[in-house]
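# Architecture at a glance
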Amino acid sequence: MAHWSRFEKELELETKRLLSHLTGIQDEEDQNFQMALKFTWSNFKFHRFLDVNRHNVQRSINGIHEKLMIHSDLSKAESWKRLTEEFLNSPLPNTEGTKTDAHYSMVALLLHLSDSPSNTNYCERPRLKESVKEDKFDWAKFLMEGEDIDTGPFPDTPEWSEDESEEEDSQQPLSREDSGIQVDRTPQEDHEQHDKTVQVTWTGVGEPDCRAWLEQHIVTSYWVPNSPRFPHSLHLHSNLYNVWDQHLYNTGPLYLPEEKSFVTETQVIRETLWLLSGVKKLFIFQHNDGKVTVRNDVVVTHLTNNCLHSVLEHIAAYGQAVSRLQKFIDEVTGHSAEPCPPGLNPLSSSSKKSSEPPFRTYQAFVWALYKYFTTFKEELNAIEKDIIGKDETVTLSAVLERLSPHLAQITVLHRVFCTGVAEVPSGTPNVLRASHLLNTLYKAIIEYDSVGEASEQSVALLFSLWVETVRPYLEIVDEWIVHGHLFDPAKEFVIQRNKDVPVNHRDFWYATYTLYSVSETVENEERLSDAASGSSGGEQTSSSKPHTMVSFLKPVLKQIIMAGKSMQLLKNLDCKQTEQPEGSSRDAERKSLYTLFLESVQTRLRHGEESPTNTVTEQQTTKKSLIKMQSIVARHLELDDIHDPLLAINFARLYLEQNDFHEKFSGGSVILDRSSESVTCQTFELTLRSCLYPHIERRYIECCGNLMRTLKKDYRLLEYLQAMRNYFLLEAGDTMYDFYTAIFDKVLEKESWQQLAFLNVQLQEAVGQRHPEDSSRLSIFLETIDPGRKKQPVNNLDGLTLSYKVPWPVDIVISSECQKIYNQVFLLLLQIKWAKYSLDTLRFSDLTVAAKKQESCQSEASTSKEPVNQQIHRMFLLKVKLMHFVNSLHNYIMTRILHSTGLEFQHQVQEAKDLDQLIKIHYRYLSTIHDRCLLREKVSFVKEAIMKVLNLVLIFSDRWQAGFGAWKIESIDKMESDFKNCHMFLVTILNKAVCRGSFPHLESLALSLMAGFEQC
């Protein structure tokens, strides 16, 4: 074989080594070895294989890399890609160039020999390249031997090297995008390096591990346009989107595939959690003008586009609700940054001052929302930790199922927010906003509770919100009824203080406070006087539109108003307070109304919680506790006159289910159990009735009782009321007799009595003798009266007005309006007294003496006329009839009306619990005597008939005193006829009224007048 080339010799040697390795035959002379050698040489020289196809080899390399990526073998895929590229770009012995046929042949051989490379456990081992041995021979010294070299003045200075300068010039700062480190540059350097990109290579020991870790833990930038598609399994279930898209492409001739952004389900879950956490800058979900929308180009590989979007739209609705609630929370908590009021469009409320903080009811509501969202975000964080931990598979459906209770509660919160806050028109006063929000929560509790057990969590959530939101209202009430100060700077309370009326003003009780009545449409606002909370003014408001105010305060609104005004009045009275230091110390230890309410709720819901001590099974323990709790609740309900065994059973069952009342919404130092599920449609109102209203009632009784005692004891209220009856109703008969008889005497003597000085002198003399303490308070005035009204003699007393100066605060009860009614009764009594006095002063002897003188000088013309004695007899009879009428009327007014009604009034005054009740009793008393004295407009015709009789009495008295002969016999006939007509008219009218039963008090007057009536 001398003609063989060197390659052929090396090929033969390598072939023998290959055969020895594969067959295990070491003896080359062996027959089997020679046969295998010939077969191998034959295939080498005469083979039928084509040359290697580098494209197929490259396709196989890429396919293995993609398969490894699909199987998430990222480290193997990276090693495979890097090592094949390194081999194809490396030179081979006896072969020039890179990526030659020899390179691809070797790779193809390895691929044919490999067996399922993706299933092989592979870990790349670091390979150390053989270092080039340094030539330690000093060639410079060898070549410079014998030469003299001038090293200069500094022989130790190293020689300058061009290589070092080039290396220094080639050093550039790392790029921020690759290194993550901010490199400081001067503006000039930054300008020079603006367009340069520096690639950082990984150096150092452990480079593959660090790079692999980063690639496994850094999220693919799926939010960047044209981002690289993530690897995923080729299983049918993992490619449902592609299968469905291909189906649409094959069946729809007009279907045009669109560019989509592929995301993983984990990325969808995380963006869902971020959306529900309040994050706005997201990729899948987008915020546009307060509305959350879903991107149309986002898909996942294992769901169809419609299926994914239906789920995401459902999530977006909850995200929008969370976003609105979070925005409301941010507006209230950071009001200085948002000039608009909470829940309103900033553009629609530009007139509001940016410095005006939200009122306390909204702040309390936001605090309750904030605490709920704190627990909700803790749940979201727990889910995200589960995703990071990868201890179990977390799917989108599992996350939604886990969050379903919270999502239902968010729906409830959003509904309450929309109804109670967002839908309120802009510019609405704070009092209407607060009332509407509290009413919305109140009605929502009742509405959701009517569903039953299906909405227990919603009722619990709403009750916690209501308890937190109502706290400012209860604090305002507590401050008012305890300290007499209505502290409401934001004007959110349903009762507003009118600061134009001071406390020591006589109209304080009527005009100091304004009660807002809120219409259901929130558009109509009416301001009503709180004094009408039980009087005639308040009853007029329930007319055309139904009005509502804070629902839970309706049953005790009157008590709150009375207690608040009474306490404020007490604080300003100069009464003797001997217990002020003790009172201040007690106030420091006093619990607020809100705290008392919460403690009462705890006592009501936890009443009788003693677990059995005997060791029995859990079922038996529950049964015993249920029976015990049922009996306790039944006894408790019987206190409120409620006999409902089923309600008691439900109370007990719901009580046993819950035991953590108030631990989530306690705002102070009081830590209570929460049994919100126990607050049912019936028990919610019962809870208020037994836990809130009694505390207000007790405070009302205490405040109003103190005020009444102070007014009666220190301010002589009862004495002033008695003085009004003494002088205006003539109960002080001897005193007022001296006064009005002086006037009547002046009238009889035909002297002028309408002089103010004369009247006041007579009044002061009469009062000063028996009641000197009232002489300075009592005075009399003459009002100017229309002359047309004084046509009759009885009207001469019109304009005579009595005035009594009532000090503050007694003038709250005895007001100027009351004195006007007193004066009307006083004038009627004077007119009756005048008529009675005129008849009482007539003497029979005066008329008989005058008659004897007339008999001695009788003329012939008088023979045809009625005899003198008969005329005198008729005058005597008419006088007796008139006296009977006047005395009957006088006795009826003074005894049946004034005296009996006064006794009832005194008894009612002693029983009055508050000042408002006393005012109403006094006003009712005046109204009663005003009506029974026939001064009401409705019975004016009866009064006119009586006035005609009284006027007839005065005319009769005047003619009697003029003497016999000063009048004609026809005048007697006319007086008798007029009296008979009026008498008959009154008897008829009064009898009909008594028979109907409409005026039972007139029965005595009717019987008395009927007794003196002559049958014609």
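Residues numbered from 1 in each chain as written. Predicted model: local features only at pLDDT ≥ 70, side-chain atom pairs only at ≥ 80, totals over all residues. Heavy atoms only, no water.

### Looking at the overall build of the protein
- Helices and strands together make up the secondary structure of the protein, namely 37 helices and 10 strands.
- The burial tally for the protein puts 40% of its 1016 residues in the buried class.
- If you take every contact in the protein between residues at least 6 apart in sequence, the share linking residues at least 24 apart comes to 68%.
- Put simply, the protein shows about 59400 Å² of open surface, and 52% of that area lies on carbon and sulfur atoms. (Helix = DSSP H or I, 4+ residues; strand = E, 2+ residues; numbered from the N terminus. Buried < 20%, exposed > 50% of the residue type's maximum accessible area, 1.4 Å probe, protein only. Contact = heavy atoms within 4.5 Å. Areas by Shrake-Rupley, 256 points an atom, 1.4 Å probe, with all protein chains shown as cover.)

### Examining helix 4 (residues 74–88)
- Here helix 4 is 15 residues long and its end C-alpha atoms lie 21 Å apart, about the 21 Å a rise of 1.5 Å per residue gives.
- Of all the positions in helix 4, only Lys 76, Ala 77, Ser 79, Thr 84 and Leu 88 are classed as buried. Angularly, the buried residues of helix 4 cover 165 degrees about the axis, an arc narrow enough to put them on a single face.
- Buried-residue contacts for helix 4 involve helix 3 (54–70) and helix 5 (101–113). (Expected span 1.5 Å × (residues − 1). Arc of directions from axis to C-beta.)

### Here's the deal with helix 2 (residues 31–46)
- The terminal C-alpha atoms of helix 2, which comprises 16 residues, lie 22 Å apart, in line with the 22 Å expected from a rise of 1.5 Å per residue.
- Turning to helix 2, its buried residues are Phe 33, Leu 37, Thr 40 and Trp 41. The buried residues of helix 2 occupy an angular sector of 100 degrees when the element is viewed end-on, so they sit on one face. Residues of helix 2 that are exposed and point over 90 degrees away from its buried face: Gln 31, Met 35, Lys 38, Phe 39 and Phe 46.
- Against helix 1 (6–23) lie the buried residues of helix 2.
- Two to three positions downstream of the cap, the backbone nitrogen of Asn 32 sits 2.9 Å from a side-chain oxygen, assigning the N-cap of helix 2 to Asp 30. (Polar contact = N/O pair within 3.5 Å; in protein donor to acceptor, adjacent residues only side chain to side chain.)

### Overview of unusual backbone geometry
- The omega torsion of the bond from Trp 808 to Pro 809 falls at 5 degrees, within 30 degrees of zero and hence cis.
- Relative to the helices and strands, Pro 809 resides in the loop between strand 10 (800–804) and helix 31 (816–840).
- Although it is not a glycine, Lys 491 sits at a positive phi angle of roughly 55 degrees.
- Along the chain, Lys 491 turns up in the loop between helix 18 (471–483) and strand 5 (495–497).
- Judged by relative accessible area, which is 55%, Lys 491 ranks as exposed.
- Backbone geometry places Leu 934, a non-glycine residue, at a positive phi of 60 degrees.

### Description of the packing of helix 29 (residues 733–748) against helix 30 (residues 756–770)
- Helix 30 packs onto helix 29 with a crossing angle of 155 degrees between their chain directions and a minimal axis gap of 8 Å. Between helix 29 and helix 30, the angle is such that the two are roughly antiparallel. For helix 29 against helix 30, the interelement crossing comes out right-handed. For the pair formed by helix 29 and helix 30, the contact residues are Asp 734, Thr 735, Asp 738, Phe 739, Ala 742, Ile 743 and Lys 746 on the first element and Phe 758, Leu 759, Gln 762, Leu 763, Ala 766, Val 767, Gln 769 and Arg 770 on the second.
- Per-class residue counts for the contact of helix 29 with helix 30 are eight nonpolar, three polar and four charged. (Axes fitted to C-alpha atoms, helices over the stretch in contact; angles between N-to-C directions. Parallel < 35°, antiparallel > 145°, perpendicular 65-115°, else oblique. Left-handed = near helix turned anticlockwise from the far one by under 90°. Nonpolar A, V, L, I, M, F, W, Y, C, P; charged D, E, K, R; others polar.)

### With respect to a nonpolar patch on the surface
- Nonpolar side chains collect at one region of the surface, where Phe 137, Trp 139, Phe 142, Leu 143 and Met 144 lie side by side and expose about 560 Å² of accessible area between them.
- Within the secondary structure layout, Trp 139 lies in helix 6 (residues 139–143). (Patch = residues over 30% accessible without salt bridge, like charges linked within 9 Å, V, L, I, M, F, W, Y side chains within 5 Å. Salt bridge = Lys/Arg side-chain N within 4 Å of Asp/Glu carboxyl O.)

### Considerations on the pattern of salt bridges
- Applying the stated criterion across every chain, the model contains 25 salt bridges.
- Between Arg 471 and Glu 475 there is a salt bridge, with its nearest N and O atoms 3.0 Å apart. Residue Arg 471 and its partner Glu 475 are both found in helix 18; the two are separated by four residues, about one turn of the helix.
- Residue classification places Arg 471 among the partly exposed positions, given a relative accessible area of 21%.

### Considerations on the nonpolar core
- Judged by nonpolar contacts, the single largest core of 210 residues is most densely connected at Phe 285, Trp 466, Tyr 473, Phe 493, Ile 495, Phe 552 and Leu 915.
- At 15 residues, helix 33 (residues 868–911) tops the list of elements feeding residues into this core.
- Aside from chain neighbours lying at most four places away, what touches Phe 552 is Leu 438, Tyr 442, Trp 466, Val 470, Tyr 473, Leu 474, Leu 688, Leu 692 and Tyr 693.
- By size, the runner-up hydrophobic cluster in this structure holds 10 residues, among which are Ile 61, Ile 64, Ala 77 and Leu 88. (Core = buried A, V, L, I, M, F, W, Y, C linked by side-chain atoms within 4.5 Å.)

### Side note on the environment of Lys 16
- On the secondary structure map, Lys 16 appears in helix 1.
- Linking Lys 16 and Glu 28, residues 12 residues apart in sequence, is a C-alpha distance of 8.0 Å.
- Beyond its immediate chain neighbours, meaning those up to four positions away, Lys 16 contacts Glu 28, Phe 33 and Leu 37.

### Considerations on the packing of aromatic side chains
- What the rule picks out here adds up to 22 aromatic pairs.
- Ring centres of Phe 728 and Tyr 822 lie 5.5 Å apart, and the angle between their planes is 45 degrees; on these two criteria the pair is classed as tilted. Here Tyr 822 lies in helix 31 and Phe 728 lies in helix 28 (residues 717–728), a separation of 94 residues in the sequence.
- Relative accessible area serves as the criterion here: at 0%, Phe 728 is assigned to the buried category.
- An aromatic cluster of at least three residues, connected via ring pairs, comprises Phe 328, Phe 359, Tyr 362, Phe 365 and Phe 417.
- If you follow Arg 716 out to its NZ or CZ, it ends over the ring of Tyr 720, 5.2 Å from the centre.
- The ring of Phe 758 has Lys 746 lying over it, and the distance from NZ or CZ to the ring centre is 5.2 Å. (Phe/Tyr/Trp six-rings, centres within 6.5 Å; stacked < 30°, edge-to-face > 60°. Lys NZ or Arg CZ within 6 Å of the ring centre and 35° of its normal.)

### Examining the packing of helix 21 (residues 557–572) against helix 27 (residues 693–713)
- Running from N to C, helix 21 and helix 27 point in directions that differ by 40 degrees, and their axes come no closer than 8 Å. As summarised for this structure, helix 21 and helix 27 are arranged oblique, according to the angle between their axes. Both helix 21 and helix 27 take part in a crossing whose hand is left-handed. Listed contacts from helix 27 to Gln 559, Ile 560, Met 562, Ala 563, Ser 566, Met 567, Leu 569 and Leu 570 of helix 21 are Ile 696, Glu 697, Arg 699, Tyr 700, Cys 703, Cys 704, Asn 706, Leu 707 and Thr 710.
- Looking at the contact of helix 21 with helix 27 residue by residue, the class counts come to 11 nonpolar, four polar and two charged.

### Let's talk about the environment of Gly 902
- Inspection of the secondary structure puts Gly 902 in helix 33.
- When neighbours within four sequence positions are excluded, Gly 902 is seen to be in contact with Ile 897 and Tyr 925.

All quantities given are derived from atomic positions and should not be read as evidence of function.
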